Amino acid sequence: MSPTVRPAAIRTPAFCTQCRSRCGCVAVVEDGKLTGIEPLPGHPSGEKLCPKGRAAPELVYHPDRLTRPLRRTAPKGAANPGWEPISWDEALDEIAGRMATIAREHGAEQTAFSVTTPSGTHISDSISWIERLIRAYGSPNTIYGTEICNWHKDFASRFTYGTDIGTPDFAHTDCVVLWGNNPAATWLARSVEVQKAIRRGAKVVVVDPRPIAFARRADQWLAVRPGTDQAVALGLANLLIESGRFDREFMTRWSNGPLLVRSDTGRFLRESDVSPGGNARVLLALAEAGGLLRYDAERGVWIDDGMPALRSAGDVDTPAGPIACRSAFDLYAAAAAHWTAARVADATGVPAEDLDKAADILADATSIAYYAWNGVGQSPSATQTDRAISLLYALTGSYGKAGGNVPGGAAAFADISGADLIPADQKEKALGLKDRPLGPGLNGWVTARDVWRAVLAGDPYPVRMLVSFGTNLLVSQPDGDVATEALAALDFHVHVDFFENATARHADILLPAATSWEREGLRTGFDASLEGQRKVQLRPAVVDPVGEARSDTDIVLALAARLGLTEAFFGGSVDRGHDHVLAGAGLSVDHLRANPQGMTVAGHVPLEAHTTVGADGAPRGFPTPTKRIEVYSERLHDHGQEPTPALVPTVPAEDSTTYPLRLGSAKTVAFCHSQHRNIATLRRLMPDPILEMAGEDAAARGLAQGDWAVVRTARGRSVARVSIVRGLPAGGVFGQHGWWVDGPHGSPYDSDHPLAANINATIDTTTADPISGSIPLRCSRCEVERL
C-alpha cells in the first residue's frame, strides 16, 4: 500500500490586520487550515512579523471562538447569560427590526454604536462599511475611542496644518523625532523604517517618560514627566526662535505668522477694519518698512509685493482711530518665551542641558520627520499639546518636504465611509457636540461617558440601543462601574466579535465575526513609508470561516438590506463598493485579484503640495482658513479656546501628598488593547500585567521585582506585578491597559474579580480636554503599595 501523499501547502500573499503595521506576509494553508504566517520580503511592510501576527493560527482556531449567533436567555447581570444558539436570519431580523422601530418612533440618534479601533484590530477591513451603515441609518453617535487614540494626530493637527500629521519620510530624513510613540511595540513596519534611518546616519530625538529601546539609542532622550509634553514643545520652540535658528522664510511665506491680530478682539485685522468699504476677507500684515501689506485669505496670495514682518506690534491707524495689533507669530513667540530652559526643567524634569542639545539637533538638521501618538493624546490638554508640537515642527520648515512629514496619498482613492449620507440635522444631535463643538462629535464620534449619561439620565435624550462591532468598553475605557449600570439599562444590546469578552457578556445578541484570514480585505496604501503608500492590495480569504462566522462587511450589508438601504450600499455588492474606491487610481477588484501580491500605482505622494499653483494662478497653500500653517487659530479663538498653545496643567498638584507618583501606561508588543491574553504563545511572553517602576520608588515601598502590588488613586484601584526598569526616572509608574480575566491563572486576580487588573479603573474622567474630550489615561496621580 503506497503512503498517503499530503498536498503541498498553499502559500498566499496577504497582509496582517492585527495592528496598525498592516505587515505584508505569506499565509500558509495546509489541508484547508491556516498553519502559519511568514514575512513577505519586497512588500513595503513585509520585512518582519511580530508575535501577534505569527500567532494567527491560534487566534483563528481558538476553542473559545464564537461560531454561531447567540441570544441571551438569563436576565441582565446574571453570572451566566444563558446563551442559546439562533439562526443568522433570526438574529439579523431582530436587530434590524429594533433599529428600525427606534428610528421611526424616537429617532436614529437613540441607537448608539461602538466600533473598535482599525489601528489595532481586524476591523480595518470593514471600518468604512460599518461607518457607512451608521451614517446611512442616521445615528450621529459612535463610541470610537478616537479622543484617546488618533484624533489629535489626525484631526487636531488640522488646526495647524489643515491636514493630518502626514507620513514621515524616514527613508530620506536627516533627523527622526519620536514623541510619545514607540513603534517597536506598536508599529513594526514603521520601526523597521526608523532603524534603517538610524543605520543611514540620521539623528534621533525621543521624547518619552520611559527608557524605551529607541530612547536608549537616541542622540538625545528627553525624559519628560507624564502630562508635561506641551512645556517641552514650547521650550524647544523658544530656544529656536530666540536664537533665530528656524526656517524664517518658510514661516513668513507659508504661515499666518505675519498676519496682524487685534488686541481688542483677538481676531485678525482686516481691510474692512482700516478702510471704509474694504474687503472683510482680506487680512493685513505689516511690511518690513512699516506699511500695511494685504493678504487675500480666499485666494491665498499677498496682494501687494513685499515681505511682511514676521514679528511686529503696534498701533495701526484707521479712520476710527488707532487699533493696537501684534503679529500672530509675535503672540506665539511670547507664549513660547515663558518656557525658558530652567522653567521647562522645573515643570517637566527635562534638564536644561538636554533641552539645549535637542534644540541643537533640530536646528542643525536639514530635514526632520516625526511622529506623535497616544503618549501625547491621552491627557486633558491633548489638543493644545498637539498644537505645540505641530508649531514646533512648522518652525523647522520640514512639513510637506522630502525627508519630512508629507500629507496625502499616492492616488485619488474614494472614501465610502458615508459622511455625506447622514443629514445635517442628525449630525447636530451628536452627544457632547454642544460642549465640544470642534471635537470628534463633528464626525459622529462620541465619548463613552456621554453615551452612559444618555442611557442612565436621558441627557440630552435617551439612548435605548447599542450595536457594538468589536470593542470591550468595560476595559478599554474608564468608568467601568457606570458602564456596567448603563449596559444593564439598555433596551437592547448587540455585540459582534471573535470571543465573548467582558463587555459582550452584557449583550442580548452575540454575533460571530470572521477574522481577516477568513474574509477578503482591501488596503489602499501601506503608510509605513511614502513608497508604501503606492501599494494597493486585495487580500483574499485564505481559509473558510470557522463555524458560521461572517465578516463585519457581510453583517453590515445584511442589516442594510433589512433596513431598506441596499441602494446606498452599491446594490449590496462589495465588489461595486471596492471598485468605487479604486476607480480614481485606475484600478478594479479584477485587477487586484489577478495580482494577489498587490499592485503599485503610477503616482507618488506629492511633495510640497502647498506650493502647486491652482486654476486661479495662486499657490494652493494649506487647507486652513488662511491657506497657511496656522500659528494663530482664529477658529479656536472664536470658540473660546486658546489660539496659540498655552500650557494647561494636567496632573493635579493638590494630590501630590496622598498620591505622590505620576501614573501613566504603555503598550506591549504581545497584545493589542484588551485582546490576545487568551492566546497561549502570547500569554507566555507577558503572563501577568506589569507596573513599571524606578528602583528607588519600589524600594521606598518595600517592593521588589515580581511582587504583586496595588495601584491606588482617588478614583479606584488595580493590581499588577512590579517590574523594576533600569533608567526609569523616579516619580513615575506605568501600567498596561486591557487586562481582564479569561480564566484562572493562579494570580491574585481570578474569576471572582475579573476586572481587578484593569488599570482604567483608576482613572478619573471628571477633567477632560475641552476640545477633544481626551482624559488623563497617561497623566494621573497614584500611590503604589504591596498587595
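Residues numbered from 1 in each chain as written. Predicted model: local features only at pLDDT ≥ 70, side-chain atom pairs only at ≥ 80, totals over all residues. Heavy atoms only, no water.

Chemist: Any chance you could explain the overall build of the protein here in plain terms?
Modeler: When you go through the protein residue by residue, the secondary structure sums to 26 helices and 32 strands. The C-alpha atoms of the protein give a radius of gyration of 27 Å, which matches the 28 Å a tight globule of 787 residues would have. Buried positions account for 61% of the 787 residues belonging to the protein. The long-range fraction of contacts in the protein, counting pairs at least 24 apart against all pairs at least 6 apart in sequence, stands at 72%. Working note: accessible area of the protein is about 28,800 Å², and carbon and sulfur atoms make up 50% of it. (Helix = DSSP H or I, 4+ residues; strand = E, 2+ residues; numbered from the N terminus. Rg over C-alpha atoms; globule rule 2.2 N^0.38 Å. Buried < 20%, exposed > 50% of the residue type's maximum accessible area, 1.4 Å probe, protein only. Contact = heavy atoms within 4.5 Å. Areas by Shrake-Rupley, 256 points an atom, 1.4 Å probe, with all protein chains shown as cover.)

Chemist: Would you mind showing me how to read the sheet that holds strand 11 (residues 220-222) here?
Modeler: By way of backbone hydrogen bonds, the strands of a sheet pair with one another, either parallel or antiparallel. The strand order 11-10-9-18 describes an open sheet built from four strands, whose pairing is parallel. The open sheet terminates on both sides in strands that have one partner only, identified here as strand 11 and strand 18 (369-372). Across the sheet, the mean angle separating the axes of adjacent strands is 10° when strand polarity is ignored. With five bridges connecting them, strand 9 (residues 175-179) and strand 10 (residues 203-207) associate as parallel partners. For tryptophan 179, the partnering residue across the bridge sits in strand 10 and is valine 207. Contacting strand 9, strand 10 and strand 11, helix 14 (residues 352-364) crosses the sheet at an angle of about 125° to strand 11. (Pairing = 2+ DSSP bridges. Axes fitted to C-alpha atoms, helices over the stretch in contact; angles between N-to-C directions.)

Chemist: How should I be thinking about the side chain of threonine 163 in this particular structure?
Modeler: Relative to the assigned elements, threonine 163 resides in the loop between helix 5 (151-154) and strand 8 (167-168). Polar side-chain contacts of threonine 163 include one of 2.5 Å to the side chain of tyrosine 399. Once residues within four sequence positions are removed from consideration, threonine 163 is found in contact with Ser157, Arg158, Tyr399, Pro407 and Pro623. (Polar contact = N/O pair within 3.5 Å; in protein donor to acceptor, adjacent residues only side chain to side chain.)

Chemist: Just checking my understanding: could you explain the sheet that holds strand 24 (residues 521-524) for this structure?
Modeler: The strand order across the open sheet formed by three strands is 24-25-26, and the pairing between neighbours is antiparallel. Of all strands in the sheet, those bounded by a partner on one side alone are strand 24 and strand 26 (599-600). Where strand 25 (residues 535-539) meets strand 26, two bridges bridge the pair, whose relative direction is antiparallel. Each residue of the ladder has a partner; that of valine 536, found in strand 26, is methionine 599.

Chemist: I would appreciate a short explanation of unusual backbone geometry in the present structure.
Modeler: A negative phi angle is the norm for most residues apart from glycine, just as the trans form is the norm for most peptide bonds. A cis amide bond links aspartate 459 to the next residue, proline 460, at an omega of 5°. By the element assignment, proline 460 lies in the loop between helix 18 (448-457) and strand 21 (465-469). Here phenylalanine 570, not a glycine, exhibits a phi torsion of approximately 55°, which is positive. By the element assignment, phenylalanine 570 lies in the loop between helix 21 (552-562) and helix 22 (574-582). In this structure, lysine 627 takes a positive phi of about 65° despite not being glycine. Examined against the element boundaries, lysine 627 turns out to sit in the loop between strand 26 and helix 24 (634-638).

Chemist: Explain the side chain of threonine 668 to me, please; I cannot follow it from the model alone.
Modeler: Within the element layout of this structure, threonine 668 appears in the loop between strand 27 (661-665) and helix 25 (680-685). On the basis of relative accessibility, which here comes to 13%, the residue threonine 668 falls in the buried class.

Chemist: It is not clear to me how empty space enclosed by the protein should be interpreted in this structure. Could you clarify?
Modeler: Under the criterion given, the structure shown has nine cavities of 30 Å³ or more. The space that makes up the largest cavity amounts to roughly 570 Å³. Residue lining of the largest cavity: 43 residues in total, with Gly180, Asn374, Gly375, Lys667 and Arg778 positioned closest to the centre. Breaking the lining of the largest cavity down by element, the ones donating at least two residues are helix 6 (183-186), helix 9 (229-243), helix 15 (374-377) and strand 27. Of the residues forming the lining of the largest cavity, the biggest block, three residues, is contributed by helix 15. In the lining of the largest cavity, the residues fall into 14 nonpolar, 21 polar and eight charged. Considered as a void within the structure, the second largest cavity measures approximately 110 Å³ in volume. Surrounding the second largest cavity, 13 residues form its lining, Val177, Trp179, Leu362, Leu392 and Tyr393 being those nearest its centre. Looking at the lining of the second largest cavity, the elements that each hand over two or more residues are strand 9, strand 10 and helix 16 (382-396). Along the lines of polarity and charge, the residues of the lining of the second largest cavity split into twelve nonpolar, one polar and no charged. (1 Å grid on protein atoms, 1.4 Å probe; cavity = no way out; pocket = protein on both sides within 12 Å on 5 of 7 lines; lining within 4 Å. Points joined across faces, edges and corners; volume = space filled by probe spheres on them. Nonpolar A, V, L, I, M, F, W, Y, C, P; charged D, E, K, R; others polar.)

Chemist: Looking at this structure, I do not really get helix 21. What am I missing?
Modeler: The α-helix winds at 3.6 residues per turn, so residues separated by three or four positions along the chain end up facing the same way. Burial analysis of helix 21 places eight of its eleven residues in the buried class, which makes it a mostly covered element. Among all positions in helix 21, only Asp552, Thr553, Ile555, Val556, Leu557, Ala558, Leu559 and Ala560 are buried. Looking at the buried side of helix 21, the elements it contacts are helix 3 (88-105), helix 4 (127-137), strand 21, strand 22 (492-497), strand 23 (509-512) and helix 22. Of the residues trailing helix 21, glycine 564 is marked for its positive phi of about 75°.

Chemist: What should I look at first to understand helix 7 (residues 188-199) in this one?
Modeler: Here helix 7 contains twelve residues, and its C-alpha end-to-end distance of 17 Å stays within 8% of the 16 Å for a straight helix at 1.5 Å per residue. Among all positions in helix 7, only Leu188, Ala189, Arg190, Ser191, Val192, Glu193, Val194, Gln195, Ala197 and Ile198 are buried. (Expected span 1.5 Å × (residues − 1).)

Chemist: What am I meant to see in the pattern of salt bridges here?
Modeler: A side chain with one charge may pair with a side chain of the opposite charge, provided their charged atoms come close. Summed over the entire model, instances satisfying the criterion amount to 43 salt bridges. The closest approach of N and O atoms between glutamate 109 and lysine 429, which form a salt bridge, is 3.7 Å. With glutamate 109 in the loop between helix 3 and strand 6 (111-115) and lysine 429 in the loop between helix 17 (424-427) and strand 20 (445-446), this pair connects stretches of sequence that are 320 residues apart. Look at glutamate 109 and you get buried, because its relative accessible area is 6%. Measuring nitrogen to oxygen at the nearest pair gives 2.6 Å for the salt bridge that ties aspartate 450 to arginine 453. Placement of the pair is aspartate 450 and arginine 453 together in helix 18, with a separation of three residues, close to one helical turn. (Salt bridge = Lys/Arg side-chain N within 4 Å of Asp/Glu carboxyl O.)

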